[in-house]
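Breakdown of the fold
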Amino acid sequence: MTTEIVLMCAALACYVAATVMFVVGVSFAKLRLVSLAVLASALGLAPQTAAIVVRWVRVGHGPFVGYYEVTNWMILFVVAFFVVIALRNRRLSALGIGVMPVAVLLLGAAMFTPLAGLPMTPNLASYWLFIHVTFANLAFAAFVASFALAMAYVIRERGAEGRWAKGLGRLPAQGVVDELTTRFVLAGFLFWTIMIVSGAIWANQAWGRYWGWDPIETWSLVVWLVYAVYLHARFTLRWRGSRLAWFAISAMPVALFALLGIPLVFHTAHGGYIGGTEALITGK
Amino acid sequence: MIRGALRRAVTFLGSASLATWLLVVVSVWSMVASFIPQDGDSAEKVAAWAAAHRGIDPMVRILGLHAAFSSPVFVLCALALAVSTCLCAWQRTKGALRRARQLRDAGAADAASLAAAHDLDIPCDPGMSEAQALTAADEALKRLGIRSKRRDDVLYAVSRPWSVWGSPVFHWGLVALIVVILGAGFERSDGLMGLAVGQAKPDVAQSYGTLHAGPLHGWFPSDRSIRVDAFDLDYQAGGVDRGAAPVVSVLDGAGRVVKTQRVYPNAPLQTGSVTIHPSDYGLSVTLDLIGKSGAVTGQAVQIVDFSPSAPEGTIPVASFAVSGAGGALLRGSVTVPLDRANGLFVKGLPKNRSVHVVVTGPDGTRFVDTTLRPGDAVPLPSGDRLGVASVGYYARLKVVDDHAIPFLYAALAFAMLGLTATAVARQQLVVVAVSRGGDGQRLVGRVRLWRNVTTDRAEIESELVAALGEDAKERVS
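Residues numbered from 1 in each chain as written. Chains lettered and ligands numbered in written order. Predicted model: local features only at pLDDT ≥ 70, side-chain atom pairs only at ≥ 80, totals over all residues. Heavy atoms only, no water.

Comments concerning the overall build of chain A
Rule in force here: Strands here mean DSSP runs of E at least two residues long; helices mean DSSP runs of H or I at least four residues long; both are numbered from the N terminus. As a reference, a globule follows 2.2 Å times the number of residues to the power 0.38, and the radius of gyration itself is taken over C-alpha atoms. Only protein chains enter the accessibility calculation, which uses a 1.4 Å probe; a residue is then buried when its area is under 20% of its type maximum, exposed when over 50%, and partly exposed in between.
Check the secondary structure of chain A and you find nine helices and zero strands. Listed N to C, the secondary structure of chain A is α-α-α-α-α-α-α-α-α in terms of helices and strands. The C-alpha atoms of chain A give 19 Å as radius of gyration, which agrees with the globular expectation for 284 residues (19 Å, within 12%). When burial is assessed residue by residue, chain A has 64% of its 284 residues classed as buried.

Written out as C-alpha cells, the structure reads:
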C-alpha cells in the first residue's frame, strides 16, 4: 500500500508540475516550458501505471472497483491520450492547459477517497468489465481533448492579441482547431457508443435485460444524445466556431457527471463499481 | 393536395432541425426523469417524493414523469425521432450516392478534364517545370496531412467510394435497431419462476410468479420444462464469490436433458432463444398430504422468501389449499423460522429445520397453527394428516425467451460499423494538374473536404500558393 501511495504521489506531483508549466508556458508564450510540461505529463504516466500494476497484483483484480480505482484508471487514459496527441502533433502541445487541470483535480480528489481495495462483486466479475470501462475511459479522454481544443478556440476568438491567445498561437488555424474539436467529439462519440453497446450486451448476460433505465444507463444515453446534438449541429445545421466550441465545453461536464457523479447521487444498479451498494435488478 | 401535405410532412419530419430538437427534448426529458422516482420504484418512494415536492408533483403527474419512459410524451418523441432517423438515413443515402459518384469521377479525371472544369486555380512560378510544380504541390499537401498519388501528370488524393457510406450505414443501423426493439417488445417474454431443488416445472405461463409476455409471444413451440438440480449458497469460481448459484437443467418434451449448467451472474444458461439467469433464492418446504391409511395422497412444494421485517424472518410466497370436513376448502401457509446472529436473521437454512404451518377456514378459524419438523405431521379436520417431508432451498430464476437478441446484436454491429467508418474514414477529394494556357502555367484542380480532414480549403490554397510561388523552384530543386 505504501509503495502504491508513494508512486501515486509521484504521478500527482508530475501532473501538478505539468499543469503549472502549461499555465506559465502558455500565458507567457514560453514554448520551451510547454514542451517541458508535455514531458512532465509523460513522466507522470510511469509512476501512475506502476501504482496501478502494484494495486492490481495486491487486490487481485483490475482497477475497476471503487471511486479511487475508477478515477485513477480514467485519468491514466486522459493523460496518455493527451501525451500521444501532443507527441504526434507538437502544435497541439498547448492543449495540456485544458487537459492537465482536469487530470490533477480528479486525481487529487480520488486520493482523498478510501484507498482500500474493494472485492469484485459477482455482477462485475466478467471480461465485459474491461471492455466496457476501457471504452468509457477512451471516450472521456477524447471528450476532454475536445474540451481543451474548444477552450483554446474560445480563448483565441475572444482576444486575438491577448496574452493567452499569444501563448496558444502555435496551435493550428482556428478553422483547423474547430475541425479537430469535432474529430475528437466524433472519436469520443464512437467510443461512448461502444461503451453503451458493450454495457447492453453485458447487462443482458448478467441480468437478462439489455436496458433498464437505471440512472447510470439513462445518463449514459443523455451523454450520447448531447454529443449527437453536437454532431448534428456541426454536420447538418452547419454550426461552426465559438457557438460549437461552447457546446463542446459544456458537454464534457455532463460526461464527467455520468461517469463519476451518478453513483454518488442516485441509488443505481451499477453502484458496485464505485464502491456503493448494487440495487436489486429483479424483484419478485 | 393530400400529396402536397404528405410531402410537407415528410420534409418536416426529415428536417435536420427537428431531429436536433427531438434529441434535445429526449435528453432533457431523460435527465429530469432520472431525478424523479419512477413507478418501478416502491410506491412509498413515489409518495414520499410527491409529499416533498407538492408544488411540482401535479405537473410531474400530468406529464407522466413518474413513468417517464412509457409516458405518451416520451413515446411520441421517441416515435418522431424514429421516423426522423429513417428519413435522415434516406437523405444520407442519397448524399452518399452523390459523393461516391463525385469520388469516382475525380478518380478518373485527367489533366484535360481538370483544365476544362475546376474550382482551384493557382498561378505557378513561370520558371517551374510541370514536374517541379507537381512535386511542390505534392509536398505542400503532404505538409497538411494529405497524401496524394501521381498518375499521368495528375495528383490524386481521393478517398475510396466506401468512405462516404459510414453515416448512412450508421443511421440505417439505428433504424434497424429501433425496428428490432419494437418487434422484440411484441414477442419477448420475461418472467420469474421459483423452483425448489429437485423440482421441475413446464415452461408455461402458469409456472411463473411474474410474467411479462408480448402479445405475439407464442407458447406453442415450447414443450420444454425447467428443473433445478442443485443449489450452492456461496459458489466460488475464478477466485470470486459468485453468491447463490443453482444448477439448472432445461428438459425437452420427452424429459430428456437439453442443457445443464450452473447459473450465476454473467453465466446464464442459454439454449435457443431462452436464457436463464439467477434472480434470488429462498427456502422451500415440501408438504405431504397423508390419507387415513397412512399413504401419501398428495404433495405440494411451498416456497418462502426471506423478509427481515417478518417475525420469523420469512414470508410465504403463496398459500395452499386442503379439503376440510364436509368438503370445505381450507387455506394454508408455511413459514420457516430462521436462526439469528447478532440480532439479525441468517439468510439461509436454519441449523434445526422446522416449519410453522397455519391452516385456516373460510371464516378465519385457525385449525392448525403449529411448528413441525421434517417427518412430523399434524391432523386436519378432514381426518387426513399434513406432514412436512423436507425443507430446502429454492432458486428464483429469471427466464427470458427472446428471439430478437441475435437481430438486435446484428443491428448494433451494423450501426457500429457505420459509425466507425464515419469517425475514421477521410472523405476528401483533391485532384490537381498543371495546365498551360495563354496566361502561363497554372495549377488547376478540384477540392472537396467533407469529413475527417485536419485542414481546410483556405489552408490548402495558401500552402499551394506559397509552394508554387517565386521561391518554389529553388526549394523543389
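So that's the structure; there's more coming.
Some words on the overall build of chain B
Counted only if it meets this: Note on contacts: a residue pair qualifies if any of its non-hydrogen atoms lie within 4.5 Å across the two residues. Under the convention used here, a 1.4 Å probe and the Shrake-Rupley method define accessible areas, while residue burial counts only the protein chains that appear. Charge convention: Lys and Arg are scored as positive, Asp and Glu as negative, and His as well as the terminal groups of each chain are ignored. By convention, the point assigned to a charge is CZ for Arg, NZ for Lys, CD for Glu and CG for Asp.
Counting secondary structure elements, chain B contains eleven helices and 23 strands. Taking 23 Å as the expected radius of gyration for a compact globule of 477 residues, we find that chain B reaches 36 Å, considerably beyond that expectation. Here chain B holds 477 residues, and the buried ones make up 48% of them. Considering only residue pairs separated by 6 or more positions, chain B has 61% of its internal contacts joining residues 24 or more positions apart. Total accessible area computed for chain B in this model is approximately 23,300 Å², and 59% of it derives from carbon and sulfur atoms. Distance from the positive charge centre (47 side chains) to the negative charge centre (42 side chains) of chain B: 3 Å.

Some points on the nonpolar core
Here is a general trend for soluble globular proteins: nonpolar side chains tend to be buried in one another's company. Stated formally: Definition used in this section: a nonpolar core is a set of buried Ala, Val, Leu, Ile, Met, Phe, Trp, Tyr and Cys residues joined via side-chain atoms within 4.5 Å.
Of all hydrophobic cores here, the largest spans 150 residues; its most connected members are A:Tyr15, A:Phe22, A:Phe82, A:Met100, A:Phe140, A:Trp192 and A:Trp224. Not counting the four nearest positions on each side in its chain, A:Tyr15 is found in contact with A:Ser41, A:Gly44, A:Leu45, A:Gln48, A:Ile75, A:Val79, A:Met100, A:Val104 and A:Leu107. With 40 residues, the next largest nonpolar core counts B:Tyr281, B:Val322, B:Val334 and B:Val336 among its residues.

Considering the confidence of the model for chain A
Residue and element names in this part refer to chain A. Selection rule: Summary of the metric used: pLDDT quantifies the predictor's per-residue confidence within the range 0 to 100.
Of the residues in chain A, 93% have a pLDDT of 70 or more, and the chain-wide mean is 88. Ranking the elements of chain A by mean pLDDT puts helix 6 (residues 163-167) last, at 72, and helix 8 (residues 215-235) first, at 95. Counting interchain partners and residues more than four positions distant, the pLDDT-below-50 stretch residues 277-284 has 28 contacts.

Considering unusual backbone geometry
Residue and element names in this part refer to chain B. Here the phi dihedral of Asn342 falls at roughly 55°; this positive angle occurs in a residue that is not glycine. Considering the arrangement of structural elements, one finds Asn342 in the loop between strand 16 (340-341) and strand 17 (344-345). Assessed through its relative accessible area of 84%, Asn342 is described here as exposed. Although it is not a glycine, Asn452 sits at a positive phi angle of roughly 60°. For Asn452, the location among the structural elements is in the loop between strand 23 (440-451) and helix 10 (457-468).

Topic: the sheet that holds strand 18 (residues 355-360) of chain B
All names here are of chain B. Convention followed: Strands are treated as partners if at least two bridges between them are detected by DSSP. Each axis is a line fitted through C-alpha atoms, and for a helix only the stretch in contact is used; angles between axes span 0 to 180 degrees, taken between their N-to-C directions.
Taking strand neighbours across the sheet as the criterion, the four strands line up as 14-15-18-19 in an open arrangement whose pairing is antiparallel. The sheet is open, and its two edges are formed by strand 14 (320-323) and strand 19 (366-372), each paired on a single side. On average, each strand axis in the sheet is tilted by 25° relative to the strand beside it, whichever way the strands run. Of the strand pairs in this sheet, strand 15 (residues 329-335) and strand 18 are connected by five bridges, and their pairing is antiparallel. Residue Arg331 lies in a different strand from strand 18, and its bridge partner there is Thr360.

A look at a positive patch on the surface
How we decide: Patches draw on residues past 30% relative accessible area with no salt bridge. Two like charges within 9 Å are joined, as are two nonpolar side chains (Val, Leu, Ile, Met, Phe, Trp, Tyr) within 5 Å. Think of a salt bridge as a Lys or Arg side-chain nitrogen and an Asp or Glu carboxyl oxygen that are within 4 Å of each other.
On the surface, a cluster of positive charge is contributed by B:Lys94, B:Arg98, B:Arg101 and B:Arg104. Here B:Arg104 shows up in helix 5 (residues 72-107).

Comments concerning the pattern of salt bridges
Residues and elements named next belong to chain B. Under the counting rule described, the total for this entry stands at 23 salt bridges over all chains. As a salt-bridge pair, Asp232 and Arg262 come within 3.2 Å of each other at their nearest N and O atoms. Pair noted here: Asp232 is in strand 7 (residues 225-237) and Arg262 is in strand 9 (residues 257-262), with a separation of 30 residues, a long-range link. Taking the relative accessible area as the measure of exposure, Asp232 reaches 31% and is therefore partly exposed. Two residues, Arg457 and Glu461, come together in a salt bridge whose shortest N-O distance is 3.1 Å.

Here's the deal with the packing of aromatic side chains
Aromatic rings considered in pairs are described by the distance between their centres and by the relative angle of their planes. All names here are of chain A. The criterion, for reference: Aromatic rings from Phe, Tyr and Trp, taking only the six-membered ring of Trp, are treated as a pair when their centres fall within 6.5 Å; an angle between ring planes under 30 degrees marks them as stacked, one over 60 as edge-to-face, and anything in between as tilted.
Taken as a whole and judged by the stated rule, the model has 26 aromatic pairs over all chains. With centroids separated by 5.2 Å and ring planes inclined at 75°, the aromatic side chains of Trp73 and Phe77 adopt a geometry described as edge-to-face. Taken as a pair, Trp73 and Phe77 lie in helix 3 (residues 67-88) at a separation of four residues, close to a single helical turn. Note on Trp73: relative accessible area 10%, which makes it buried. On the accessibility criterion, Phe77 (15% relative accessible area) is buried.

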